[in-house]
Amino acid sequence: MKNGIFVSTLMFVLLMTTVIPGEAGTKPIRLAYLQSDIHQLACWVALDKGFFTQEGVEVEVAGIFKAGPEEMSAFAAGALDMGYVGEAPSTTAVANGVARVTVLAQVNTEGSAIVVPEDAHPQGLQDLKGRRVAVPGHSTVQDFLLRKAFKRFGVDPGEVRVIVLKPPEMIGALRTKQIYAFIAWEPYPAKAQTLSVGKVLLTSRQIWEDHPCCVLVAENGFLQARPQEARAVVRAHVRATDFINRHRESAVKIGVKYTGMDEETVRLAMDNVNYTYRLSVEGEREYVNFLAQLKYIKTDDVGAFVKRFIDQDMLKEILR
Amino acid sequence: MRWERYILPLSILLVWQGLSSLGAIPGHLVPSPYKIILGFKDLVTIGMPPGHLLHDHIRYSLYRVAAGFGIAALTGIPLGLLMGWSSRLRGMVGPLIELLRPIPPLAWIPIAILWFGIGIKSAAFIIFLGAFFPVLLNTISGVVSINPLFLEAAKTLNASEKDIFLKVLLPGSIPSIFVGMRIGVGIGWMTLVAAEFTGVKAGYGLGYMIMTARDIQRPDEILAGMFVIGVIGLLINWGLRICESRIIRWR
Amino acid sequence: MSGISKSYGGERGGERVPVLKDIRYRIDHGKFVSLIGPSGCGKTTLLRIIAGLEKASSGRLFLEGREIAYGKDLIGLVFQEYALFPWRTALQNIEMGLEIMGVPRRQRLGAAIEYVRGFGLSGFENRYPHELSGGMQQRVAIARTLIMKPRLVLMDEPFGSLDSQTRNEMQEFILQVWQQRGDTIIFVTHNVDEAVFLSDRIVVLSRRPATISRSFEIDCPRPRDRTSLECNAFRRAVLEELRKERKIGG
């Protein structure tokens, strides 16, 4: 008698646990973005204005990262479903087989800068020779841009001491002369300027015009299991990007909220960023080739890799 | 039997490699031992970040640990001897030591960077903090636990306080001092690698190497690097033990 | 050295445990005196007070008419546990006292080597204590003390940790050394045979709080035969005294 009750209770509980959470869409989407990275303003706009909810999905912020590589580690560990991240770190992670994500939409192009001390009189990039320059991490977009700049302006990378610092630490290190220059995403270059600690030596536009920077990615397993939700997120992203381009001032206010920096800095930062969702396959090819040259990744078929990595169809459908 | 100590690690490696080859272990999270060996080869030949070779990373890390540990020994041993000798000094300085000791060296990193910048000085400071307390406490213990019989024997030979300190307390506490040094350098080594995670001016160091391997998503190199760190820690300890047995021939 | 008199009375210990009570005695220069008594009666305490390692609660000690100046006068003490410094070789242990005194190296070594030879330690002088047998270690300890030419030699059950054969050898050894040098020796033991074999006088201490209950003059001529009738007679007398002490204590 007792046994019978026990068994049926157990079965009931098991039944409930399998039935109830099994429905797709009841688990919120785990989304990530980079800390104080003004490129990813669309994410904040969508969150702030409830675009995700309006598109019918529930999103939770599952991680705010100091730099792209850290976010990719979280993807590798299966802790994220979708994320706003730099194209370079995501390419590296996928090419090295560590994470499995697909790019669904562009987030921005340009929007970084090399910053030198306020009182410096640089003749050009040659000034960095023999000096210490900070990047947010190896195989970040900024690291990539810096080396591209070396190539373009004929500076031997061996003569520059590149070190890794997290962007919040860069301004302090510049001020105390621990480093001569840094390259970071906006709004850090803007902040250095408004604090009168540094000035811009080169913007990323000057290094590589209209270069793709941040992208919106989805984890492949999630993408396969819940494609409609992924689509909803991309739709919200498109709306948010349009919003930024049409309602600049409101976007500034949201930027202030999520970076904690003042309006002047945010405005200056946003001027350096190009918010768009249009994908650039050419740009990605460039990334792959360059990263392979740097020996960060090894690929055999660049074309096939890019095709797998970027999903252009979803965006095309949404924009139609 | 000497070979018995290799059975366990070897079997683990074999099982691991087997499971990896069969695909039972996800390769992107846990590389197979073979991949790790290849990763080690890359660390030596290509370097991480590319161009920064393993032996240079090792050199910088050793240099930092030597600096931090050297200062810890030079301050900890004399202070320990004095504190062991004078209970009054122990009473005065002891509470401060006990207050500072539980603070993990890594918690000092932000302050260290603020005070010393991102160069070797802040790394040496962090390592100093890790190594100092074991050295100090073991030295004190060495002095305090000297068999009082030896002190009495010295007194019956009309030894002055100074004689007792130099000829009895000092030689008598050397074994404990060595224990303190071995523990201290071990902690210093562990702390170093973590300290190098955050900002390294020179661009070299084993901790920095591992962080870069993480950034460039090379878990095989991460694990190979960890192995190198473990082996070096082992060698340092072994080296100290050899020094110890050379110096202490009276047991 | 004309004589030592100890007039001394003591209450000691935090709990006011009386250990020694009004010890008065006089020892003549060059004599070999044994202190014997029931276990725990305080003979070691008395010795340590004489050595200067502990303070008497009351009473004074005189050496040749003056009070002992610890730190200047050297009162040698040989421990039961040898107390050799383990980080020093036999030779270095022996010369320790001279080193403390500031004697220059050459002289120190010369003197120490003489003792090494004289005490049968040749070939072992560079060994560390843990490499030496018990008997050898004690010989080193004795050498370490005697090389200082102490005013007084105290020995606290020095052969207590040795096996009986080594013990007998050491007794003969110490007699030999004493007869050559003429030191004044106060020898603590609980072994009556040993005391009878070695001493000019045996002082029996009572139970705690210890006083001197009786003192025996052993006028057996030397060299002594352990098994002789005379020795036996003395042994019996001392044992009897000790038995009395135990009975009194109940």
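Residues numbered from 1 in each chain as written. Chains lettered and ligands numbered in written order. Predicted model: local features only at pLDDT ≥ 70, side-chain atom pairs only at ≥ 80, totals over all residues.

### Side note on the overall build of chain C
- Secondary structure summary: chain C contains eight helices and ten strands in total.
- On C-alpha atoms alone, chain C measures out to a radius of gyration of 18 Å, which is about the 18 Å that the 2.2 N^0.38 rule sets for 250 residues.
- Across the 250 residues that make up chain C, the buried fraction comes to 41%. (Helix = DSSP H or I, 4+ residues; strand = E, 2+ residues; numbered from the N terminus. Rg over C-alpha atoms; globule rule 2.2 N^0.38 Å. Buried ≥ 20, exposed ≤ 12 C-beta atoms within 10 Å, placed from the backbone.)

### Considerations on the nonpolar core
- In terms of nonpolar packing, the biggest core is built from 236 residues, with A:Val133 and A:Phe182 touching the most fellow members.
- Looking at this core element by element, the count peaks at 15 residues for helix α6 (residues 120–144) of chain B.
- Apart from the residues lying within four places of it in its own chain, the contact partners of A:Val133 are A:Leu128, A:Leu146, A:Val160, A:Val162, A:Ile179, A:Tyr180, A:Ala181, A:Phe182 and A:Ile183. (Core = buried A, V, L, I, M, F, W, Y, C linked by C-beta atoms within 7 Å. Contact = placed C-beta atoms within 7 Å.)

### A closer look at the environment of A:Gly68
All names here are of chain A.
- Within the secondary structure, Gly68 sits in helix α4 (residues 68–76).
- When the C-alpha positions of Gly68 and Ala88 are compared, they lie 8.3 Å apart, and in sequence the two are 20 residues distant.
- In this structure Gly68 touches Leu34, Val85, Gly86, Ala88, Pro89, Ser90, Gly137 and Thr140, once residues within four positions along its chain are discounted.

### Describing the environment of B:Ile36
Residues and elements named next belong to chain B.
- Topologically, Ile36 is positioned in helix α2 (residues 33–45).
- Accessibility expressed as a C-beta count within 10 Å gives 24 for Ile36, which makes it buried.
- Sequence separation between Ile36 and Pro134 is 98 residues, and the spatial gap between their C-alpha atoms is 34 Å.

### Some thoughts on the packing of helix α8 (residues 161–195) of chain B against helix α10 (residues 219–247) of chain B
Residue and element names in this part refer to chain B.
- For the pair α8 and α10, the least separation of the axes is 10 Å and the interaxial angle reads 165°. Taken together, the axes of α8 and α10 lie roughly antiparallel to each other. Relative to α10, the crossing made by α8 is right-handed. Here Ile174, Phe178, Met181, Arg182, Val185, Gly186, Trp189 and Val193 of α8 come into contact with α10, specifically with Ile229, Gly233, Ile236, Asn237, Leu240, Glu244 and Ile247.
- Of the residues belonging to the contact of α8 with α10, the class tally is ten nonpolar, three polar and two charged. (Axes fitted to C-alpha atoms, helices over the stretch in contact; angles between N-to-C directions. Parallel < 35°, antiparallel > 145°, perpendicular 65-115°, else oblique. Left-handed = near helix turned anticlockwise from the far one by under 90°. Nonpolar A, V, L, I, M, F, W, Y, C, P; charged D, E, K, R; others polar.)

### Some details on the domain arrangement of chain A
All names here are of chain A.
- The domain boundaries assigned to chain A delineate domain 1 (26–109 + 211–319) and domain 2 (112–207).
- A straight line from the C-alpha centre of domain 1 to that of domain 2 covers 24 Å.
- In this complex, domain 1 contributes 29 residues to the contact, which on the side of domain 2 involves 19 residues.
- Put simply, the parts of the chain that give the side of domain 1 that touches domain 2 at least two residues each are α4, α5 (87–95), α13 (263–271) and α14 (281–293).
- Sort the elements by how many residues they give to the side of domain 1 that touches domain 2 and α13 lands first, with five residues.
- Considering only residue class, the side of domain 1 that touches domain 2 consists of 16 nonpolar, nine polar and four charged. (Domains from an automatic or database assignment.)

### A closer look at the confidence of the model for chain A
- Confidence in the prediction for chain A averages 89 pLDDT; 95% of positions are at 70 or higher.
- Low pLDDT, under 50, characterises residues 20–25 of chain A; the predicted model gives this stretch three contacts beyond four residues in sequence or across chains. (pLDDT = per-residue confidence, 0-100.)

### Focus on the arrangement of the chains
- Taking contact number as the criterion, the leading pair out of two pairs of chains in contact is chains A and B.
- Here chain A and chain C are not in contact; the least distance found between their C-alpha atoms is 50 Å.

### Quick notes on the domain arrangement of chain C
Residue and element names in this part refer to chain C.
- The domains assigned to chain C are domain 1 (1–73 + 152–166 + 182–250) and domain 2 (84–150).
- For domain 1 and domain 2, the distance between their C-alpha centroids amounts to 27 Å.
- Residues that form the side of domain 1 that touches domain 2 fall into these classes: five nonpolar, two polar and no charged.

### Examining the pairing of strand β3 (residues 82–86) of chain A
All names here are of chain A.
- A large share of β3 lies buried, amounting to five of its five residues.
- Along β3, one buried face is formed by Met82, Tyr84 and Gly86 and the opposite face, lined by Gly83 and Val85, is buried too.
- Of the pairings in the sheet, the one linking strand β1 (residues 29–34) to β3 comprises two bridges and is parallel in character. When the bridges of β3 are listed, Leu31 appears paired with Met82. (Pairing = 2+ DSSP bridges.)

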